[in-house]
Amino acid sequence: SAKTRQVALQSLRLAFSSKTLSEFLLERRLMLTDSLEKCLKKGKGEEQALAGTVLTLLCLQMGSGPEGEEVFRSLKPLLISVLTDSTASPSARQSCATALGMCCYIAAADLEDLVLCLSCLESVFSPPSAGEGGLAPAQHGPLHCSALQSWSLLLTICPPSHIKSILDNRWLKLPPLLSSSSVALRILAGETIALVFELAQDMEEDLCHQDTEFLRAQLKVLATESNKYRAKTDRRKQRSIFRDILRFIESGEYQEETIRFGLECMYLDSWARQRTYQAFKEVLGSGIRHHLQNNELLREIFGLGPPLVLDAAALKASKVSRFEKHLYNSAAFKARTKARSRVRDKRADV
């Protein structure tokens, strides 16, 4: 039954995202690939969406070797078919957009595969030309976000020759997305524009174009927007991110972020690195920290070296006891209350 298959796919998604099972899955990848193919072909809606997510996680477990490439090659045509099928469920198309981008990033061996996936994803999120009568920016939704996120992820591994063709004219399809009614798509489009500028800097290419000044004006408006018809949390998040984007485009400064996991930490010091981390985080969810510690593929992508081997004594020494956590939280709460009380005092206004 479809319900039983969905429950099985949910269990696989949970297992693959929370554990590293590459050796266990190695001998069973053909059976799994065949089952996922049937779910994508014959399933509907939720089942197809779950199958796309499980396929992404399977590819992540297999890695970038021949096994991962085999999984990607066998299911790539089916992913493209579902993604480009306008009659398919939006959730299934969204999942296939993410799966196509992630699996291509992990396992594509040929430039032809990369170019094909980029072109397919671009056709989903890019706004239609005048007179084509397609979707207006106001109708953009989660599918367009997933397609743009996957497209920008693949940009980070493009060879310089292909990046140059995108820098020449195709990046100009991004600014119209800044006027979308979806706050997620506006933010994603802004981050992708910052990524394009970063890639141009790395290649010492100049993006000076007649529309660049207008783009900066657009970014300034989004960085200071205070329209009341937008939700307060959306406005706050949008302003914060677009301030960082504008600062980077004008002065080249990137707001570095630190990710801590176990006894290690990792620095996100570029838009390319941030895009890669966000893509894996979206797929793995709370399992991202476990995979950063133990998954060789992720550690190789982020330059973390081989997984650390720690004995029980070292692990125990690294953990903070519940009592120590309680003392720390109490002290922090007390200090925060004192600081806020001073500011709230009317005499502080004087």
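Residues numbered from 1 in each chain as written. Predicted model: local features only at pLDDT ≥ 70, side-chain atom pairs only at ≥ 80, totals over all residues. Heavy atoms only, no water.

Novice: Could you give me a rundown of the overall build of the protein, with the residues and numbers involved?
Specialist: A tally of regular secondary structure across the protein gives 17 helices and two strands. When the 350 residues of the protein are sorted by exposure, 44% land in the buried category. (Helix = DSSP H or I, 4+ residues; strand = E, 2+ residues; numbered from the N terminus. Buried < 20%, exposed > 50% of the residue type's maximum accessible area, 1.4 Å probe, protein only.)

Novice: Give me the lowdown on the pattern of salt bridges, citing residues and values where you can.
Specialist: Applying the stated criterion across every chain, the model contains 12 salt bridges. Among the salt bridges present, the one from Glu70 reaches Arg29, with a minimum N-O distance of 3.2 Å. Linking Glu70 in helix 5 (residues 66-83) with Arg29 in helix 3 (residues 29-42), this pair joins segments that are 41 residues apart in sequence. Note that Asp113 and Arg73 form a salt bridge whose closest N and O atoms lie 3.0 Å from each other. (Salt bridge = Lys/Arg side-chain N within 4 Å of Asp/Glu carboxyl O.)

Novice: Talk me through the side chain of Ser126; I want residue IDs and the actual numbers.
Specialist: Note on placement: Ser126 falls in the loop between helix 7 (111-125) and helix 8 (142-155). From its side chain, Ser126 meets the backbone oxygen of Glu122 in a polar contact 2.7 Å long. (Polar contact = N/O pair within 3.5 Å; in protein donor to acceptor, adjacent residues only side chain to side chain.)

Novice: Describe helix 9 (residues 160-168), with residues and values.
Specialist: Listed as buried for helix 9 are His162, Ile163, Ile166 and Leu167. Angularly, the buried residues of helix 9 cover 140° about the axis, an arc narrow enough to put them on a single face. Next to the buried residues of helix 9 lie helix 7, helix 8 and helix 10 (183-202). (Arc of directions from axis to C-beta. Contact = heavy atoms within 4.5 Å.)

Novice: With reference to specific residues and values, describe the packing of helix 3 against helix 4 (residues 46-62).
Specialist: Close contact between helix 3 and helix 4 brings their axes to 9 Å; oriented N to C, the two are set at 155°. In terms of axis orientation, helix 3 runs roughly antiparallel to helix 4. Where helix 3 crosses over helix 4, the two elements pack in a sense that is left-handed. Contact residues: Arg29, Leu32, Thr33, Leu36, Cys39 and Leu40 in helix 3; Glu47, Gln48, Ala51, Gly52, Val54, Leu55, Leu58 and Met62 in helix 4. (Axes fitted to C-alpha atoms, helices over the stretch in contact; angles between N-to-C directions. Parallel < 35°, antiparallel > 145°, perpendicular 65-115°, else oblique. Left-handed = near helix turned anticlockwise from the far one by under 90°.)

Novice: Outline the packing of helix 4 against helix 13 (residues 271-284), listing residues and values.
Specialist: Relative orientation of the contacting elements helix 4 and helix 13 amounts to 115°, with a least axis distance of 10 Å. Helix 13 is crossed by helix 4, and the crossing has left-handed handedness. On helix 13, the residues that touch Thr56, Leu57 and Leu60 of helix 4 are Phe280, Val283 and Leu284. Its residues assigned to classes, the contact of helix 4 with helix 13 shows five nonpolar, one polar and no charged. (Nonpolar A, V, L, I, M, F, W, Y, C, P; charged D, E, K, R; others polar.)

Novice: Run through the packing of aromatic side chains, naming residues and quoting values.
Specialist: Within the structure shown, the criterion is met by six aromatic pairs. Relative to Phe280, the ring of Tyr105 lies with its centre 6.0 Å away and its plane at 75°, an arrangement referred to as edge-to-face. Of this pair, Tyr105 sits in helix 6 (residues 90-107) while Phe280 sits in helix 13; the two residues are 175 residues apart in sequence, bridging distant segments of the chain. For Tyr105, a relative accessible area of 14% translates into the label buried. The class for Phe280 is buried, based on a relative accessible area of 0%. With a centroid separation of 6.2 Å and an interplanar angle of 75°, the aromatic rings of Phe248 and Trp271 are classed as edge-to-face. (Phe/Tyr/Trp six-rings, centres within 6.5 Å; stacked < 30°, edge-to-face > 60°.)

Novice: Residue-level account of the environment of Leu185, with values.
Specialist: Take Leu185: it is sitting in helix 10. For Leu185, a relative accessible area of 0% gives the class buried. Sequence separation of Leu185 and Ser146 is 39 residues, and the distance between their C-alpha atoms is 9.2 Å.

Novice: I'd like a description of helix 8, backed by residues and values.
Specialist: If you check helix 8, its first and last C-alpha atoms are 20 Å apart, about what 14 residues at 1.5 Å a residue would give, namely 20 Å. Here helix 8 lies mainly inside the structure; 13 of its 14 residues are buried. (Expected span 1.5 Å × (residues − 1).)

Novice: Describe in detail the side chain of Arg29, supporting the description with residues and values.
Specialist: Overall, Arg29 belongs to the buried group, its relative accessible area being 18%. Of the polar contacts made by the side chain of Arg29, one reaches the side chain of Glu70; its length is 3.2 Å. Non-local contacts of Arg29, meaning those with residues more than four positions away in its chain, are made with Met62, Glu67 and Glu70.

Novice: Can you tell me about the pairing of strand 2 (residues 264-268), naming the residues and giving the values?
Specialist: On strand 2, burial follows the alternation: Glu264, Met266 and Leu268 on one face are buried, whereas Cys265 and Tyr267 on the facing-out side are not. Here strand 1 (residues 257-261) pairs with strand 2 via five bridges, running antiparallel. Paired with Ile259 across the two strands is Met266, which belongs to strand 2. Connecting strand 1 to the next strand, strand 2, in antiparallel fashion are two residues, including Gly262 with a positive phi near 60°. (Pairing = 2+ DSSP bridges.)

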